[in-house]
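Architecture at a glance
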Amino acid sequence: MRARMRRALVLRVRTCAVRRGVGGLMPRTLVVVGAGVSGLAAALHLSRVVPAAKVLLLEASDRTGGWLQTTCTEEGAILEHGPRGVRSTGTVGTNTLQLVSEIGLESELLPITYNDAATKNRYLFVGGKLCKLPTSIRSVFSKLPPFSQPLAWSLAREPILPRSKEEDESVHAFFTRRFGAEMADYVVDSLCRGIFAGDSRKLSVRSCFPPLFKAERSWGSVLLGMLVGSGAVKWDGAKTEVMERARREGWAQWSLRRGMQSLPEAMEAALRAKGVEIHLHSPVTELRPAADGGCQVLTEGGILAADHVFSALPAGVLGPLLPTAWRPLAQALGKIGSVSVAVVNLEYEGRVLPVTGFGHLVPSGECGEILGVVYDSCSTPQHDRSGPPTTRLTVMMGGSWFTGAFGDPQRVSKERLLERAKETVQEQLGITGQPLTAIVKVHKDCIPQYGVGHWKLLADISEWTVSHRVPLTLLGASYDGVSVNDCIYQAQRGVERLQG
Ligand code: FAD
């Protein structure tokens, strides 16, 4: 209680010390709310592009990083409870690599190349067995389970199919139309569970896979569009050494030596070095329009006067903080749903995996609540404990199927989730016995769901905020991509939009 009062006082004192800019001219007071990777990236970019501004970052919890969370066990094993791999390709991947260099993490990078088993071997668990997904040209021409015919059939006819005029449709409907029911039911259904922990029959193709949607629109064919690079934004920034190395060595993804949490830790250190104030234990309780066109940010410690607020909160968290005058915005934000995921880290004695690869996904038709299993020891063996060999695995459960299978994410017992995870690795990988380490995390509402029509919701939100001169920029995974890369890239673009 005393500590909380002390923190409140500090916030108040610092608030008084902040001097507001005049008429929107620099320097200005800019408040970023939420210190997940989006909020951290926004604050870093602000400190770079508006160096004269006063930047404050407010975070409700006792740490920065949001879903990027790592445990290092006493024996030295690194266990990820959130993201574990970041793609290094494309503009957004290149952008993150550049950030990693800037904040001095380059020597910590653990590349996963296209030649690694973790990139080449990916499996589906169908009909009680692991089925390796085709990755070579030859395998596309063979009939491989679970498919009833070679994939080449559905690929060959795709370019000649008529294009749709729909403004949006579900990912499942899109893939069924273009590549057939098996591709949709096995591959794409599983992919949506792996990325969004969501249901491909409800997720929007336009918002979840924009390059594929654009490819059909522009070229009448997904394959043709992908071949000519439809929708790809070209990297126009400087080329750094790490980008060259990633290209030369064929990196597909990367992790970090001390785990993903070291990314927000390094971002936080860079922000502090630049003089950005970071307030932990500072949940924002309300946002209010100010008479001068700015925004009042209410926290337990006092009221901050901001010229502009960057919200890096999930849409469902931000909505209830908005004032009555911004009700249409709050209502629109309330339509962006999210799902909860149980993440169970398991570590077993010995090398116990029957195959090598990134992991396997389970199509919803096989089992709703088990989304898949990641073979962490295969992709990042450097994260195994030292000493005799062990195997690290992560079982991902729930998502869109969480409540149906386990009930309320806030009430479900961790013992029950652990039992279900152990049963899963026994059933699907033949791994028996007791794990050396087991950690169960229930991440409530951790992955936003872009339903069909999400693009229109975003367009309406943008129009409303601009026309009502709302001094608020929306950042974070709820809007334009859930990957770490997308969150960082979109946060930077959000900052630049305000710049002008
Ligand atoms: P968050 O991380 O949700 O951050 C929001 C922050 O706001 C939090 O720190 C929270 O405490 C704070 N906050 C909440 N309320 C308030 C308030 N009132 N006032 C102040 N602060 C508040 N992506 C990949 O690229 N690769 C992967 O392998 C991958 N795997 C994933 C696995 C899991 C289990 C999960 C959950 C996600 C994964 N993702 C992955 C996605 C990616 O990690 C997230 O989309 C991304 O981290 C979201 O970041 P964010 O900053 O937008 O939101």
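Note that the structure is predicted; figures quoted are calculated from it, not measured.

Within strand S1 (residues 29-33), five of the five residues are buried, leaving the element largely enclosed by the surrounding structure. The two faces of S1 match: Thr 29, Val 31 and Val 33 on one face and Leu 30 and Val 32 on the other face are all buried. Of the strand pairs in this sheet, S1 and strand S2 (residues 54-58) are connected by five bridges, and their pairing is parallel. Residue pairing for S2: Val 33 is matched across the bridge by Leu 58. Relative to strand S14 (residues 308-311), S1 runs parallel, the two sharing four bridges. By the bridge assignment for S14, Val 31 is matched with Val 309.

Let us look at the side chain of Asp 189. With respect to the helices and strands, the residue Asp 189 is situated in helix H8 (residues 181-196). Those residues in contact with Asp 189 that lie beyond four places of it in its chain are Ala 184, Ser 200, Arg 201, Pro 363 and Ser 364.

Moving on, we get to the site of the ligand. For the ligand, the set of nearby residues contains 32 residues, the closest of which are Ser 38, Glu 59, Val 284, Val 482 and Val 484. With respect to the ligand, the backbone of Val 37 contributes an N or O atom lying 3.1 Å from an oxygen atom. Val 284 is positioned such that a nitrogen or oxygen atom in its backbone is 2.9 Å from a nitrogen atom of the ligand. When the ligand is considered free in solution it has 1,000 Å² of accessible area, and contact with the protein chains removes 85% of it. Put simply, the parts of the chain that give the shell around the ligand at least two residues each are helix H2 (37-49), strand S19 (437-448) and helix H20 (484-499). The class makeup of the residues in the shell around the ligand is 19 nonpolar, eleven polar and two charged.

Moving on to the pattern of salt bridges. In this structure the tally under the stated criterion is 25 salt bridges. Note that Glu 216 and Arg 178 form a salt bridge whose closest N and O atoms lie 2.5 Å from each other. Here the residue Glu 216 occupies a position in helix H10 (residues 210-219), and Arg 178 occupies one in helix H7 (residues 171-179), the gap between them amounting to 38 residues. Taken as a pair, Glu 216 and Arg 178 share a single burial class, namely buried. Through salt bridges with shared partners, a single network forms among Glu 158, Glu 169, Arg 177, Arg 178 and Glu 216.

Burial within strand S6 (residues 109-113) is extensive, with four of its five residues counted as buried. Here five bridges tie S6 to strand S9 (residues 251-256), and the two strands are oriented antiparallel to one another. Across the sheet, residue Thr 113 finds its bridge partner in S9, namely Trp 251.

Moving on: unusual backbone geometry. Between Pro 145 and Pro 146 the backbone carries a cis peptide bond, its omega angle lying at 10°. The topology assignment puts Pro 146 in the loop between helix H5 (137-140) and helix H6 (151-157). Even without being a glycine, His 281 presents a positive backbone phi close to 50°. The residue His 281 is located in the loop between strand S10 (277-279) and strand S11 (284-289) in this model.

Where H2 meets H20, the closest approach of the two axes is 8 Å, and the angle between their N-to-C directions is 40°. As judged from the angle between their axes, H2 and H20 are oblique. For H2 against H20, the interelement crossing comes out right-handed. Contact residues: H2 offers Val 37, Ser 38, Ala 41, Ala 42, His 45, Leu 46, Arg 48 and Val 49, while H20 offers Val 484, Cys 487, Ile 488, Ala 491, Gln 492, Arg 493, Val 495, Glu 496 and Gln 499. Of the residues belonging to the contact of H2 with H20, the class tally is ten nonpolar, four polar and three charged.

Moving on to the sheet that holds S19. Across the sheet, seven strands lie side by side as S8-S7-S16-S17-S18-S15-S19; this open sheet has mixed pairing. Each edge of the sheet is formed by a strand with only one pairing partner; in this case those strands are strand S8 (129-132) and S19. Neighbour-to-neighbour, the strand axes of the sheet open up by a mean angle of 25°, direction not taken into account. Both strand S16 (residues 359-361) and strand S17 (residues 370-374) contribute to a ladder of three bridges, which runs antiparallel. Counterpart to His 360 in the pairing with S17 is Val 373. Helix-sheet contacts for H8 involve strand S7 (122-126), strand S15 (338-349), S16, S17 and S19, and the interaxial angle to S7 is about 110°. This element, helix H18 (residues 414-429), spans S7, S8, S15, S16, S17, strand S18 (390-399) and S19 of the sheet and lies at about 65° to S15.

Here the focus is the state of the cysteines. One pass over the structure, following the stated rule, counts zero disulfides. Of the cysteine sulfurs around Cys 131, a residue in no disulfide, the closest is that of Cys 367, at 15 Å. A disulfide-free cysteine, Cys 487 has its sulfur positioned 12 Å from the sulfur of Cys 446, the nearest such atom.

Contact geometry of H2 with helix H13 (residues 262-273) gives a least axis separation of 10 Å together with a crossing angle of 30°. It follows from the interaxial angle that H2 and H13 lie roughly parallel. As for how H2 packs across H13, the hand of that crossing is left-handed. For the pair formed by H2 and H13, the contact residues are Val 37, Leu 40, Ala 41, Ala 43, Leu 44 and Ser 47 on the first element and Leu 263, Pro 264, Met 267, Glu 268, Ala 270 and Leu 271 on the second. When the residues that make up the contact of H2 with H13 are grouped by side-chain class, the tally is ten nonpolar, one polar and one charged.

Conventions and cut-offs
- Residues numbered from 1 in each chain as written.
- Predicted model: local features only at pLDDT ≥ 70, side-chain atom pairs only at ≥ 80, totals over all residues.
- Heavy atoms only, no water.
- Buried < 20%, exposed > 50% of the residue type's maximum accessible area, 1.4 Å probe, protein only.
- Helix = DSSP H or I, 4+ residues; strand = E, 2+ residues; numbered from the N terminus.
- Pairing = 2+ DSSP bridges.
- Contact = heavy atoms within 4.5 Å.
- Near = heavy atom within 4 Å.
- Polar contact = N/O pair within 3.5 Å; in protein donor to acceptor, adjacent residues only side chain to side chain.
- Areas by Shrake-Rupley, 256 points an atom, 1.4 Å probe, with all protein chains shown as cover.
- Nonpolar A, V, L, I, M, F, W, Y, C, P; charged D, E, K, R; others polar.
- Salt bridge = Lys/Arg side-chain N within 4 Å of Asp/Glu carboxyl O.
- Axes fitted to C-alpha atoms, helices over the stretch in contact; angles between N-to-C directions.
- Parallel < 35°, antiparallel > 145°, perpendicular 65-115°, else oblique.
- Left-handed = near helix turned anticlockwise from the far one by under 90°.
- Disulfide = S-S within 2.5 Å.

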